[in-house]
2 protein chains.
Amino acid sequence: MARKTGKILPGKAAAARAGNLLVLGSVALDSVKTPFGEVNEVLGGSAAFFATAASYFTAVSVIAVVGEDFPERHLDFLRQRDIDLSGLERRQGKTFRWRGEYSYQLNEAKTLDTQLNVFETFRPHVPASHQSPDMLFLANIDPDLQRGVLEQVKRPRLVACDTMNFWIEGKRDALFRLLKEVDVLVINDGEARALGQNSNLVAVSRMILGAGPKTLIIKRGEYGVLMFTGDQVFAVPAFPLEEVKDPTGAGDCFAGGFMGYLARTGKLSEDALRRAVVYGSVMASFAVEAFSLDRLRGLEYKDIEARFGAFKQMTVFEEF
Amino acid sequence: MARKTGKILPGKAAAARAGNLLVLGSVALDSVKTPFGEVNEVLGGSAAFFATAASYFTAVSVIAVVGEDFPERHLDFLRQRDIDLSGLERRQGKTFRWRGEYSYQLNEAKTLDTQLNVFETFRPHVPASHQSPDMLFLANIDPDLQRGVLEQVKRPRLVACDTMNFWIEGKRDALFRLLKEVDVLVINDGEARALGQNSNLVAVSRMILGAGPKTLIIKRGEYGVLMFTGDQVFAVPAFPLEEVKDPTGAGDCFAGGFMGYLARTGKLSEDALRRAVVYGSVMASFAVEAFSLDRLRGLEYKDIEARFGAFKQMTVFEEF
């Protein structure tokens, strides 16, 4: 069986066989300026990045909302990736818009404008057809809404979530209620330090792993990823790229590759989690090479396998 | 033969058998304040950190200068580590002093005071007994003085050097003359970007590898190390530590472990360089656990082997 050997099949064949994955998040129109270019109202949002990255590995469904103005061509792109959009609401009003800018130090975006629009009053509803996902990713959104989605589904085999400083500072108690029910927390290093109220990531990891999640994944942008699971630490560097055009969505593409791989293989061992972190890093490394999801438009599964091999080559050393 | 198998013997036995290593650098009195404590006029300086770390692997000799006021107990410590101090000049005047401070963001020191004292007029002289080193490390100092030492020795099998922004900005031409004759450049990421005049480290590596060195090692503090050699990239994360007390000297301890291992084994293959980077990272990870060289005072070789194993465990993943 494909699942037993861990072999992965690209595209539709993979999606047809794999365990299903559900993501709650945003679908947005992003306007982004970096030292390497500028784009206006392109496809963005955590669920769009996550689902596109995950679609290379497994069947993925989206719970999100867009406004009346959301361009049909973006939906066509997601459908072409076999992403199930039956949980994507289209509501009266305008789509969530985000405008940001990056300096040469590409690790952190400066938000210039956020227009929540239909996302502001979004109350996620999980259709009956989506209430038994194998795995669930709760992208960054109000922790009460994340928990609301978790309550609408039969307990998945794996639940992961993201969050941001806005909720860490403003809804700390709600966030900790959510964490009790989550298996994997995926956040960046600044958020981890804020959540753990400590500058030391080892101390932070112990605190967070004591609050519910069995696994903590800390995204460090150009410096890679740390994963803490029990007493185990796994660290993988980011792939050094000559061209980094736009880091927007890298974290969600990481999460999409990570959970897509896990949903595809069905394994949750430390070995599988480590490989999933590398597949996530592979997807993030592609995402940053172009604006929006453009680098993933022409991406083939063999490109993913080749870069996975390059990660192995980049990190391996022998003891003697 | 021990050298053939790559097996390493600790302490005196190792030093007696290994190829010899020469370091040019500073021996200083450091006063350091971090959020975790404060020390006054403790043993410091690039050559002291480097030689102590290297002494676990190989015979190491120091070219440096101290003043009349340098405490004998610090020399005793270095001698106990079998470090050859016959190239250490003691001159009239006071020893080089550095005073610095770190915030919770421990990656960068704020220099509060530098008193070069006898280091200001230091003109390194390599005694006849030290003119045929197997390997040579030129720690951060005026690039003309680094080149002066290189001219006093029979061409070693491997020459590595460090530098700093002060020379990158103030003596760029002299630095590039030096780089033509150097095999390995070991610098931090800020210095690499300044030297390469580019924010992208891949572009920087191509520029620097075109200027002389066959290998570029970029130290990224808590984010680990990148090594570029030809088309190869090797990345190793830093060891996540619960207690980081003082990062002073971590880079020189890295270089000491790196070159000490290479001098010990005598190999210069990509595989050997990768292992050397990990041994360097191991030594740096110990150095930051206490002020000055205090963590290395009681360190045993088995501690180094155990942490090397922990680095392997932290970074390994299987393809299937």
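Below or above, wherever it landed, is the structure these notes cover.

Calculation criteria
- Residues numbered from 1 in each chain as written.
- Chains lettered and ligands numbered in written order.
- Predicted model: local features only at pLDDT ≥ 70, side-chain atom pairs only at ≥ 80, totals over all residues.
- Heavy atoms only, no water.
- Least-squares fit on C-alpha atoms with pLDDT ≥ 70 in both.
- Contact = heavy atoms within 4.5 Å.
- Buried < 20%, exposed > 50% of the residue type's maximum accessible area, 1.4 Å probe, protein only.
- Helix = DSSP H or I, 4+ residues; strand = E, 2+ residues; numbered from the N terminus.
- Pairing = 2+ DSSP bridges.
- Expected span 1.5 Å × (residues − 1).
- Axes fitted to C-alpha atoms, helices over the stretch in contact; angles between N-to-C directions.
- Parallel < 35°, antiparallel > 145°, perpendicular 65-115°, else oblique.
- Left-handed = near helix turned anticlockwise from the far one by under 90°.

**Regarding the relation of the copies chain B and chain A**
Look at the two chain copies: a rotation about an axis and a shift along it is all it takes to match them.
Then step 1. At an RMSD of 0.0 Å, chain B and chain A line up after a rotation of 180° and a shift of 0.0 Å along the axis. Given the turn and translation reported, the copies of this chain are related as if by a two-fold rotation axis.
Then step 2. In this assembly the copies share their binding face: 100% of the residues contributing to the interface of chain B also contribute to that of chain A.

**Focus on helix 3 (residues 46-54) of chain A**
Then step 1. Most of helix 3 of chain A is tucked away: nine of the nine residues are buried.
Then step 2. What helix 3 of chain A keeps buried is the set Ser46, Ala47, Ala48, Phe49, Phe50, Ala51, Thr52, Ala53 and Ala54 of chain A.

**Digging into the pairing of strand 11 (residues 215-219) of chain A**
Residues and elements named next belong to chain A.
Then step 1. A large share of strand 11 lies buried, amounting to five of its five residues.
Then step 2. Along strand 11, one buried face is formed by Thr215, Ile217 and Lys219 and the opposite face, lined by Leu216 and Ile218, is buried too.
Then step 3. Pairing between strand 10 (residues 184-188) and strand 11: five bridges, direction parallel. Across the sheet, the residue bridging to Val186 is Ile217, located in strand 11.
Then step 4. With five bridges joining them, strand 11 and strand 12 (residues 225-229) adopt antiparallel strand pairing. Of the residues in strand 12, the one forming a bridge with Leu216 is Phe228.
Then step 5. What sits between the antiparallel neighbours strand 11 and strand 12 is a turn of five residues, in which Gly221 has the positive phi angle 55°.

**Focus: unusual backbone geometry**
Then step 1. Notably, Ser292 of chain A is not glycine yet its phi reads approximately 50°, a positive angle.
Then step 2. With respect to the helices and strands, Ser292 of chain A occurs in the loop between helix 11 (270-287) and helix 12 (294-297).
Then step 3. Residue Glu41 of chain B is not a glycine yet carries a positive backbone phi of 50°.

**Comments concerning helix 11 (residues 270-287) of chain B**
Then step 1. Between its first and last C-alpha atoms helix 11 of chain B spans 26 Å; for 18 residues at 1.5 Å apiece the expected length is 26 Å, and the two agree.
Then step 2. In terms of burial, helix 11 of chain B is a largely internal element, 17 of the 18 residues being buried.

**Brief notes about the sheet that holds strand 4 (residues 60-67) of chain A**
Think of a sheet as strands paired side by side through backbone hydrogen bonds, with each pair either parallel or antiparallel.
All names here are of chain A.
Then step 1. Spatially, 5-4-1-8-9-10-11-12-13 is the arrangement adopted by the nine strands of the open sheet, whose pairing is mixed. Two strands in the sheet have a free side with no partner beyond their single neighbour: strand 5 (88-91) and strand 13 (232-236). Between one strand axis and the next, the sheet turns by 15° as a mean value, whatever way the strands run.
Then step 2. Contacting strand 1 (21-24), strand 8 (135-138) and strand 9 (158-161), helix 5 (residues 143-152) runs over the sheet at an angle of about 165° to strand 8.
Then step 3. Contacting strand 1, strand 8, strand 9, strand 10, strand 11 and strand 12, helix 10 (residues 250-265) runs over the sheet at an angle of about 170° to strand 8.

**Digging into the packing of helix 3 of chain A against helix 10 of chain A**
Residues and elements named next belong to chain A.
Then step 1. Orientation of helix 3 relative to helix 10, taken along the N-to-C sense of each, is 40°, at an axis distance of 7 Å. Relative to helix 10, the element helix 3 is oriented oblique. In this structure, helix 3 crosses over helix 10, and the sense of that crossing is right-handed. Contacts between helix 3 and helix 10 involve Ser46, Phe49, Phe50, Ala53 and Ala54 on the former and, on the latter, Asp252, Cys253, Ala255, Gly256, Gly257, Met259 and Gly260.

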